[in-house]
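Okay, here's what each chain looks like letter by letter:
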Amino acid sequence: MVSWILKKILGSKNQREIKRLMPIARQINELDEQFKPLSDDDLRAKTAEWKTQLAAIPELPDQWKKLDEILPEAFAVVKNAARRLTERQHTFEVCDQPMTWNMVHFDVQLVGGVVLHRARIAEMATGEGKTLVATLPLYLNALTGRGAHLVTVNDYLARRDAEWMGELYKFLGLTVGCIQHDQPPDVRREQYACDITYGTNSEFGFDYLRDNGMATTREQQVQRGYNYAIVDEVDSILIDEARTPLIISGPATVSTHQYDKWKPLVEQLVRKQNMLCNRLASEAKEAFDKNDIEAGGLLMFKVKLGQPRNKQLLRMMEDPEKRRAIDKAELSFYQDTRKEELFALKEELFFTIDEKSNEADLSEQGRTFLNPDDPDAFVLPDLISEFTEIDLNPALSNEEKEQAKTERQQICDAQAERIHNISQLLRAYCLFEKDVQYVIEENKVVIVDEYTGRKMPGRRWSDGLHQAVEAKEGVQIDRETQTLATITIQNYFRLYHKLAGMTGTAETEAAEFHDIYTLDVNVVPTNRPVRRADYNDRIYKTRREKYNAVINEIKESHTKAQPVLVGTVSVEASELLSRMLKREKIPHNVLNAKFHMQEAEIVARAGQPGTVTISTNMAGRGTDIKLGPGVTEKGGLMVIGTERHESRRIDRQLRGRCARQGDPGSSRFYVSFEDDLMRNFGAADRMTKIMERFGLEEGQELEHPWLNKSVETAQKRVEQRNYLARKRTLDFDDVMNNQREVVYTYRNDTIDSEEPRKLIYEVIDEAVPARVKEYLGAERDEEPNYTGLMHWVNTTFPLGLTTEKAQFETRTADENAQFLIEKIKDAYERKSSHEEPTAVKSLERYIILNAIDRLWQEHLYAMDALREGVYLRGYAQKDPLIEYKTEAYEMFVELMANIKNEVLHNLFRSTSNLQAFENFLATLPQFLLREHAPIAPTANAPSRMREPQPVGAMAAIAENGDGASEVKLDLPVRRAMPKVGRNEPCPCGSGKKYKNCCGRVA
Ligand SMILES: Nc1ncnc2c1ncn2[C@@H]1O[C@H](COP(=O)(O)OP(=O)(O)OP(=O)(O)O)[C@@H](O)[C@H]1O
Ligand SMILES: [Mg+2]
């Protein structure tokens, strides 16, 4: 009732808003009439005129006012141009296919254009021509000269739309560009320089990360600001893609994996486990046959633990009684009181696999199998007690103790690596399937996106998993990677001054758009009534029955020459269907991750009489299928969904491939109890009851509107869960986002700075007093540590201070800071006076950028660890988000301080020119020099400069100076804990990763 009232109110509010826009549409049409007599050149001249006028307005808000004023006229110009192209039957090529322009904006499309200009989401049904709608606001907003972006879901659509709509922009005198995955930077820069640029969200996002996180000069940056963006398929991009952030990673510095070494053993282990599980399943079957339901359920639960995708298990899960018995066994074991029993149960297997959390764990048996001589090889030693023991051993000298500890440490490291490798291999074997989660291409493991079926070349699973899969497939094992830069899609789009979106399916998510993005949704009515028939779902017990039914349906349509589009959720399902069709000798095309080269061609043919097209649901979005001759009379395109997707919107998008622009068309989904959605989200339970009541037999199907509801309830549940996950990601990323903004701004200021010396001096001005305070304890009651200060100064700067010269005791902390600042600046002036000025500027920028990049990457790593770590604290009744925010802030403050210290540290250790540096050294007081010349060149300086020389000898110089005897007193605190990799299991033996346990960033 409430929702009904809400809908009424919402509906009428929306209707009111849309109604208010109708007069504008009328006005545009009148202007369009007036423009008819103009020559092409006169029409085009308006573009240049407006551009000049807008360029004369300096402030963005004033430009926006102007845009609002000229909107009706500008839209009319675009519509008029479209009319001219139509009248001339203008022909051109889109994605290498011939095309004739035949569109003039409808009134509803004008309305949609206004909605987009006003930074809202326009919901316009599938096939209503949103591609054309976008031309209106893109043209208008591009007139500012600040660039306008159109964001699509894949490279094919970006290219299609840029080439298609490009004809219109070009006619009007605007340039249009298109970003594609394989473009080099200079090509990208040209595309961004165009008035209007099309591209995918990930290309835009990655370019942002590369520009702001990696480029070291303006020339290396490709983007030019974030003015106005329209996100096509906005629900897909801001909602579905929002769960995984964009990550740029590079090879990690060290790699010590042994995946290839362990592979044969793990392979055997998996085989043994499978045999064991099959035996258990047979025993279970016997128990069930003897009517011992409980024993059967227990045995099958064990199978589920050990081999969640066991065939017999899946089959038994179809039987309502057995399924209940298995569920019951599972539920009872997860009670707290039965923890030990569960543990014992797990120990009967070689290892356990958790499908939902993606975890794999070895049992005692498994460990013994892998290393019969020493099952402890897979348990981490108690390093802390061992170290204590060594420390307390009076027979050992200090040196021997160090030696012994290093040895123990190495053994422990090797063990940790081993455990990690094996658990990743187990996951690779038991949870990752070829042609589902990944494909093999050119001897590489390429991840397949689970939603679109698209390959994601260049992306890698983290934490060694990718390598484990590489080992499993016997392809080249690449190095492990580390995050270099990352941003979530949401935060990328927040960069735009003005953001709008369009899609056929936004309304169900209107609340989320409003809450998270402050984007309102306006539903624009269709130009003509939709004629699509959506039939009830057909539901089967097993996949096999389901697929057989699908094949029969295809056969039927095929015989009457009606085109069919079959949507699948995975590449594997596509290929299965394709094989089945081949057996039936039905010719068909497959559109999936593996063959996207011919995508456009396949799509172009999909509406021809008698064509059968199988596609992963990537074709579910944006693809435009035109009907061939005679197809309208046969009922238009028939869409068959072979599985309900997790989200309702994706299903609707698939249906939306037919019945476009008032065409006829129909759609139906086929569902089985073995589908993931049904298995994992409880839909099967309710269905099972219904099925029992109906007494469903083999091969029989169910069909009823109520059942559609049941499936949709399961979908809603998943949607809700995913919404929470997204909100969570965003809450956490907000913290990162603020930090990223500060760091990227600093970075860009450095790149842009004409006088980087100023930035260097700012660092000196801020960092030196902070360090002085640390030593002289201005805020504490401690004794001032003059020796420490002296040591720091003399190992960081070539000042050659002595106790007598410095006279620290005679000044306050502030005065000492001032004293040092002057001396440091003076020394720096002297050092750089010997170098070439432009080279010095580059070097100065480089010193800052280098410090930012190195420490920011470390920081990202630590933030990852923190984020995983705070979840564990959730158990201690603390809100992980608050914990995360507090600690992230502290870490950030520390990061900024570290960056400054690193800059100071490198100030006198880098030079743009060796000769100049030697000149500088020659001017230093003789006692500072002794026989120390700069050491050999190393790699951490800008490569475009000739042989830069970091001077590691500086410390040595200082230690040989007068401060030498005092220096020794202030050695840095030695690490008391052993060094453990952050991703390795914690040496305390908790079984958690080090970073989540003792190594938690506190
Ligand atoms: N004003 C128009 N006159 C004639 N045909 C049009 C017009 N606008 C759009 N079309 C046609 O409608 C079809 C669908 O257009 P388009 O692919 O842009 O739809 P869409 O709204 O983006 O759909 P989807 O939600 O599936 O992405 C195209 O074939 C296009 O040529
Ligand atoms: Mg579209």
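Residues numbered from 1 in each chain as written. Chains lettered and ligands numbered in written order. Predicted model: local features only at pLDDT ≥ 70, side-chain atom pairs only at ≥ 80, totals over all residues. Heavy atoms only, no water.

*Asks:* Hey, could you run me through the overall build of the chain in this one?
*Replies:* Counting secondary structure elements, the chain contains 38 helices and 22 strands. Going through the 1002 residues of the chain one by one, you find that 54% of them count as buried. Relative to all contacts within the chain whose residues are 6 or more apart in sequence, the contacts with residues 24 or more apart total 74%. Carbon and sulfur atoms provide 51% of the accessible area of the chain, an area that totals close to 46,100 Å². (Helix = DSSP H or I, 4+ residues; strand = E, 2+ residues; numbered from the N terminus. Buried < 20%, exposed > 50% of the residue type's maximum accessible area, 1.4 Å probe, protein only. Contact = heavy atoms within 4.5 Å. Areas by Shrake-Rupley, 256 points an atom, 1.4 Å probe, with all protein chains shown as cover.)

*Asks:* Is there a simple way to think about the nonpolar core in this case?
*Replies:* Most often, soluble globular proteins have nonpolar side chains that are buried together. Counting residues in each nonpolar core, the largest one holds 170 residues, and the members touching the most others are W101, L138, F493, F513 and L820. Of the residues forming this core, the biggest block, 13 residues, is contributed by helix 33 (residues 837-873). (Core = buried A, V, L, I, M, F, W, Y, C linked by side-chain atoms within 4.5 Å.)

*Asks:* Looking at this structure, I do not really get the side chain of E167. What am I missing?
*Replies:* Note on placement: E167 falls in helix 7 (residues 155-171). Using a relative accessible area of 17% as the deciding quantity, one classes E167 as buried. Side chain to side chain, E167 and H90 meet in a polar contact 2.6 Å long. When near neighbours in sequence (up to four residues on either side) are disregarded, E167 contacts L85, H90, F92 and W101. (Polar contact = N/O pair within 3.5 Å; in protein donor to acceptor, adjacent residues only side chain to side chain.)

*Asks:* Looking at this structure, I do not really get the pairing of strand 20 (residues 612-616). What am I missing?
*Replies:* Working note: regular strand, side chains alternate between the two faces of the sheet. For strand 20, the tally of buried residues reaches 5 of 5 residues, placing the bulk of the element in the interior. In strand 20, alternate side chains face the same way, and those of V612, I614 and T616 on one face and T613 and S615 on the other are all buried. Note: strand 19 (residues 589-591) against strand 20, 3 bridges, orientation parallel. Bridge pairing in strand 20 places L591 opposite S615. (Pairing = 2+ DSSP bridges.)

*Asks:* What am I meant to see in the packing of aromatic side chains here?
*Replies:* Any pair of aromatic rings gets described here by the distance separating the centres and the angle formed by the planes. Considering all chains together, one arrives at 22 aromatic pairs under this definition. A centroid spacing of 5.8 Å and a plane angle of 85° characterise the contact between Y828 and F908, whose relative ring orientation is edge-to-face. Here Y828, found in helix 32 (residues 813-833), pairs with F908, found in the loop between helix 34 (880-907) and helix 35 (914-923); they are 80 residues apart in sequence, far enough to count as distant. Side by side, Y828 and F908 carry an identical accessibility label, which is buried. (Phe/Tyr/Trp six-rings, centres within 6.5 Å; stacked < 30°, edge-to-face > 60°.)

*Asks:* Please clarify how the sheet that holds strand 7 (residues 228-232) should be interpreted in this entry.
*Replies:* Strands belonging to one sheet form pairs held by backbone hydrogen bonds; the direction of such a pair is parallel or antiparallel. Sheet architecture is open: 7 strands sit in the order 5-6-4-7-14-3-15, paired in parallel fashion. On the outer flanks of this sheet lie strand 5 (176-178) and strand 15 (521-523), each paired with one strand and no other. Across this sheet, the average inter-strand angle for adjacent strands is 20°, counted without regard to direction. In the sheet, strand 7 pairs with strand 14 (residues 498-503) via 5 bridges, with the strands oriented parallel. Residue V231 lies in a different strand from strand 14, and its bridge partner there is G501. Together, strand 4 (148-152), strand 6 (196-200), strand 7 and strand 14 form the strand contacts of helix 6 (residues 135-142), whose direction differs from that of strand 7 by roughly 165°. (Axes fitted to C-alpha atoms, helices over the stretch in contact; angles between N-to-C directions.)

*Asks:* How should I be thinking about the pattern of salt bridges in this particular structure?
*Replies:* Close approach of charged atoms lets side chains of opposite charge pair. Per the stated rule, a full pass over the model turns up 56 salt bridges. D62 is the salt-bridge partner of K65, the closest N and O atoms lying 3.7 Å from each other. Here D62 and K65 lie together in helix 3 (residues 60-87), a separation of 3 residues that amounts to about one turn. The exposure class assigned to K65 is exposed, which follows from its relative accessible area of 54%. Put simply, K546 and D675 hold a salt bridge, and the shortest N to O gap is 2.9 Å. One end of the pair, K546, is in helix 22 (residues 543-559); the other, D675, is in the loop between strand 22 (664-672) and helix 26 (676-680), with 129 residues separating them in the sequence. Judged on exposure class, the residue K546 and its partner D675 are both buried. A single network of salt bridges, built from pairs that share partners, joins R538, E553, R668, E701 and E703. (Salt bridge = Lys/Arg side-chain N within 4 Å of Asp/Glu carboxyl O.)

*Asks:* Even after reading the chapter, I still don't get helix 25 (residues 648-655), so can you show me in this structure?
*Replies:* Because an α-helix completes one turn every 3.6 residues, residues spaced three or four positions apart along the sequence face the same direction. Of all 8 residues making up helix 25, 7 are buried, and the element is well covered by its neighbours. Buried within helix 25 we find R648, R649, I650, D651, Q653, L654 and R655.

*Asks:* Explain the site of ligand 1 to me, please; I cannot follow it from the model alone.
*Replies:* Near ligand 1 lie 21 residues; those nearest to it are K130, T131, D624, R657 and R660. At a separation of 3.2 Å, an oxygen atom of ligand 1 approaches a polar backbone atom of E128. Across the complex, the protein chains shield 93% of the 640 Å² of accessible surface that ligand 1 would expose by itself. Counted by class, the shell around ligand 1 contains 6 nonpolar, 8 polar and 7 charged residues. (Near = heavy atom within 4 Å. Nonpolar A, V, L, I, M, F, W, Y, C, P; charged D, E, K, R; others polar.)

*Asks:* Can you walk me through unusual backbone geometry in this structure?
*Replies:* In most cases, non-glycine residues show a negative phi, while peptide bonds are predominantly trans. One non-glycine residue with positive phi stands out, namely Q89, at about 50°. Inspection of the secondary structure assignment puts Q89 in the loop between helix 3 and strand 1 (91-94). The phi dihedral of N291 falls on the positive side, at around 70°, and the residue is not glycine. Mapped onto the fold, N291 is located in the loop between helix 11 (259-289) and helix 12 (293-306). Owing to a relative accessible area of 58%, N291 belongs among the exposed residues under this scheme.

*Asks:* What is the right way to look at the packing of helix 29 (residues 756-776) against helix 32 in this model?
*Replies:* Packed helices, taken two at a time, are described by the angle their axes make and the gap between the axes. Here helix 29 crosses helix 32 at 140°, and the two axes come no closer than 9 Å. Considering only the axes of helix 29 and helix 32, their crossing is right-handed. For the pair helix 29 and helix 32, the contacting residues are R757, Y761, I764, D765, V768, P769, V772, K773 and L776 in the first and A813, D814, N816, A817, L820, I821, I824, K825, Y828, E829 and S832 in the second. Looking at the contact of helix 29 with helix 32 residue by residue, the classes come out as 12 nonpolar, 2 polar and 6 charged. (Left-handed = near helix turned anticlockwise from the far one by under 90°.)

*Asks:* Can you walk me through the environment of I625 in this structure?
*Replies:* Checked against the element boundaries, I625 lands in the loop between strand 20 and strand 21 (637-641). Given the relative accessible area of 7%, I625 is considered buried. In contact with I625, not counting residues within four places along its chain, are L565, V603, A606, G607, L637, R657 and R660.

*Asks:* Looking at this structure, how should I read the confidence of the model for the chain?
*Replies:* Caution is warranted with low-pLDDT regions, since their predicted coordinates should not be read in detail. In the predicted model, the chain carries a mean pLDDT of 82, and the fraction of residues at 70 or more is 83%. Within the chain, no element has a lower average pLDDT than helix 38 (residues 964-967), which sits at 28, and none a higher one than helix 6, at 98. Segment residues 1-6: pLDDT under 50, and 1 contact once partners within four positions in sequence are set aside and those in other chains are kept. Here residues 926-980 is modelled with pLDDT under 50, and outside its nearest four sequence neighbours on either side it reaches 86 contacts, counting other chains as well. (pLDDT = per-residue confidence, 0-100.)

*Asks:* Explain the pairing of strand 1 to me, please; I cannot follow it from the model alone.
*Replies:* On strand 1, burial follows the alternation: F92 and V94 on one face are buried, whereas T91 and E93 on the facing-out side are not. Summarising the sheet, strand 1 and strand 2 (residues 97-100) pair through 4 bridges and their orientation is antiparallel. Each bridged residue has a counterpart across the sheet, and for T91 the counterpart in strand 2 is T100. With antiparallel pairing between neighbouring strands as the criterion, strand 1 and strand 2 make up a hairpin whose turn holds 2 residues, including C95 at a positive phi of roughly 50°.

*Asks:* Just checking my understanding: could you explain helix 7 for this structure?
*Replies:* Along its 17 residues, helix 7 runs 24 Å from first to last C-alpha, staying within 8% of the 24 Å computed at 1.5 Å per residue. The largest bend along helix 7 measures about 40° and falls at M165. Most of helix 7 is tucked away: 13 of the 17 residues are buried. At the N-terminal end of helix 7, a side-chain oxygen is found 3.1 Å from the backbone nitrogen of Y156, two or three residues along, and the residue is N154. Count one or two residues on from helix 7 and you reach G173, which has phi positive near 85°. (Expected span 1.5 Å × (residues − 1). Bend = angle between axes of the 7 residues up to and from the residue.)

*Asks:* How should I be thinking about the environment of W50 in this particular structure?
*Replies:* Along the chain, W50 turns up in helix 2 (residues 40-55). Counting along the chain gives 24 residues from W50 to A74, while the straight-line C-alpha distance between them is 9.1 Å. Once residues lying within four places of it in the same chain are set aside, the contact partners of W50 are I70, E73, A74, V77, Y139 and L143.

*Asks:* Explain the side chain of R160 to me, please; I cannot follow it from the model alone.
*Replies:* If you trace the backbone, R160 turns up in helix 7. Look at R160 and you get buried, because its relative accessible area is 8%.

*Asks:* Sorry if this is basic, but what is going on with the state of the cysteines here?
*Replies:* What makes a disulfide is a covalent bond joining the sulfur atoms belonging to two cysteines. Tallied over the full model, the rule gives 0 disulfides. Looking at C194, it has no disulfide partner, and the nearest cysteine sulfur is the one in C178, 9.9 Å off. By relative accessible area, C194 is classed as buried at 12%. (Disulfide = S-S within 2.5 Å.)

*Asks:* How should the environment of E836 be read in this particular structure?
*Replies:* In this fold, E836 is placed in the loop between helix 32 and helix 33. At 2.7 Å, the side chain of E836 forms a polar contact with the side chain of T838.

*Asks:* Quick question: what am I supposed to make of the packing of helix 4 (residues 107-117) against helix 6 here?
*Replies:* One can describe the packing of helix 4 onto helix 6 by two numbers: an axis separation of 8 Å at closest approach and a directional angle of 45°. On the basis of their axis angle, the class for helix 4 and helix 6 is oblique. As helix 4 runs across helix 6, the sense of the crossing is right-handed. On the side of helix 4, the interface is formed by Q109, L110, G113, L116 and H117, while helix 6 contributes L136, P137, L140 and N141. Of the residues assigned to the contact of helix 4 with helix 6, the class counts are 5 nonpolar, 4 polar and no charged. (Parallel < 35°, antiparallel > 145°, perpendicular 65-115°, else oblique.)

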